[in-house]
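Coordinates in review
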Amino acid sequence: MAFVSARLCASSSPGEIRIAATLDGIMQEFALWRPDMPDGVGDIYRARVSAHAPALGGTFVTLPGQEQAGFLPDSEGLGALTQGQTVLVTVTRSAQGGKGVRLGARNLPPDLPGGADPRLLRRGPTPLERLAARYPDAPIVIDDAAIATLLPTSLHPRLTRASSAFDSDLRAQADALEEATVALPGGMSASITPTPALVAIDMDGGAATSMDRRPKQTAQFAANRDALPDLMRQLRLRNLSGAIVVDVAGLAIRKRRALGETIETVLRDDPLRPRFLGFTALGLAEIVRPRVHPPLHELFHSREGRMLHALRGQMQAHRGMPPNGQPVRLACGHGIMQMMQDHPAWVEDFMRLTGRVLAPVADPALPAHGWRFEP
């Protein structure tokens, strides 16, 4: 996919790089890149078989350096595997939703390192590399020279440095992805509710048709039809995956099926190739979108995600302020203190991006996962 007016914007903050692919200033795709916490998709391992599970139709494989075993479906064609055997596998789906990684064994590159011991052989592409491949003609705007050191040299000619990779409008679009309610064209909105089983989306017409003089069902049909493309774009931006059900606004059930063509047309542009399954007896649109990378809501609401959000806010507050020699003190419960020790790059990033020292300090009065920034 190549657009003359497409741009990739990569905005750096402590521990995290927010990446947006834009077309005419409108965000088309979004990704969170956490360099010291890669999701593993595309990684290639020489790994050891731990147990075959015929009832599940696959084999559990222990990945070197990973806490959980990955699951390799029998459909990957490796035949009968025995405990202790080593196999070449790649991560096809990250750990998410309480489930471990999914593995594959097809189409592996021929130039992998030799040897017999289990180990990580090759890292998968970073989020910025994936989007750069999808938008091969788009310039890449960065606001932190350190980003260039994380990229292959083949992408360096496309890099442009700016004081801020996200302008105020793009920053507002990115911040809106953390909200559960989405504003849609024509005064409509949608509430997005992820659950362990599925993602439920409720569209609301609000005042969208109150001034329309056409018959009520005609006006509501047009309002839903015009809002659905933007809603389907939100699936990509938020990486909503698995089973998704959409309750459109105000339409009689028998009239909803006519919206199926609009949904199918918009979904064709999604690189994950989601499937529209039709409308249920209750009038809910059913969509299945493949799970590959973690959805944004999981990344945002994890303990690490909440901490990184707070660090970004402190970075924005201190950036551009004259240095006064005083560190930014972060009082931490013991769980947060351990997290900061596990991710020393976050402190280094804060210093590089603000010129101020970030000083995590243990505070036994705080709960394990509590913190506060002290004046």
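Summary of the structure given here.

Thresholds, definitions, all that
Residues numbered from 1 in each chain as written. Predicted model: local features only at pLDDT ≥ 70, side-chain atom pairs only at ≥ 80, totals over all residues. Heavy atoms only, no water. Helix = DSSP H or I, 4+ residues; strand = E, 2+ residues; numbered from the N terminus. Phe/Tyr/Trp six-rings, centres within 6.5 Å; stacked < 30°, edge-to-face > 60°. Pairing = 2+ DSSP bridges. Axes fitted to C-alpha atoms, helices over the stretch in contact; angles between N-to-C directions. Contact = heavy atoms within 4.5 Å. Buried < 20%, exposed > 50% of the residue type's maximum accessible area, 1.4 Å probe, protein only.

Notes on the environment of L23
As for its position among the elements, L23 is in strand β2 (residues 16-23). Linking L23 and D349, residues 326 residues apart in sequence, is a C-alpha distance of 29 Å.

Thoughts on the packing of aromatic side chains
In this structure the tally under the stated criterion is two aromatic pairs. Consider the rings of F60 and F71, whose centres lie 5.3 Å apart with planes at 65°: the pair is edge-to-face. Here F71 lies in strand β6 (residues 70-73) and F60 lies in strand β5 (residues 58-62), a separation of 11 residues in the sequence. Where F276 meets F279, the ring centres are 5.6 Å apart and the plane angle is 80°; that geometry is what we call edge-to-face.

Here we look at the sheet that holds strand β20 (residues 371-374)
Reading across the sheet, the three strands line up as β19-β18-β20 and stay open at both edges, with mixed pairing between neighbours. The open sheet terminates on both sides in strands that have one partner only, identified here as β19 (358-362) and β20. Taken over all neighbouring pairs, the strand axes of this sheet differ in orientation by 25° on average, direction set aside. Strand direction decides the pairing type here: strand β18 (residues 328-332) and β20, joined by four bridges, are antiparallel. Paired with A331 across the bridge in β20 is R372. Helix α8 (residues 303-318) contacts β18, β19 and β20 of the sheet and is inclined by roughly 10° relative to β20.

Points about unusual backbone geometry
In the Ramachandran plot, D24 falls in the positive-phi region, its phi being about 55° despite a non-glycine side chain. One can find D24 in the loop between β2 and β3 (26-33). Relative accessible area serves as the criterion here: at 61%, D24 is assigned to the exposed category. Positioned with a positive phi, N239 is a non-glycine residue whose angle comes to about 50°. Counting through the fold element by element, N239 comes out in the loop between α4 (216-238) and β15 (242-247). Relative accessible area serves as the criterion here: at 13%, N239 is assigned to the buried category.

By themselves these figures say nothing about function.
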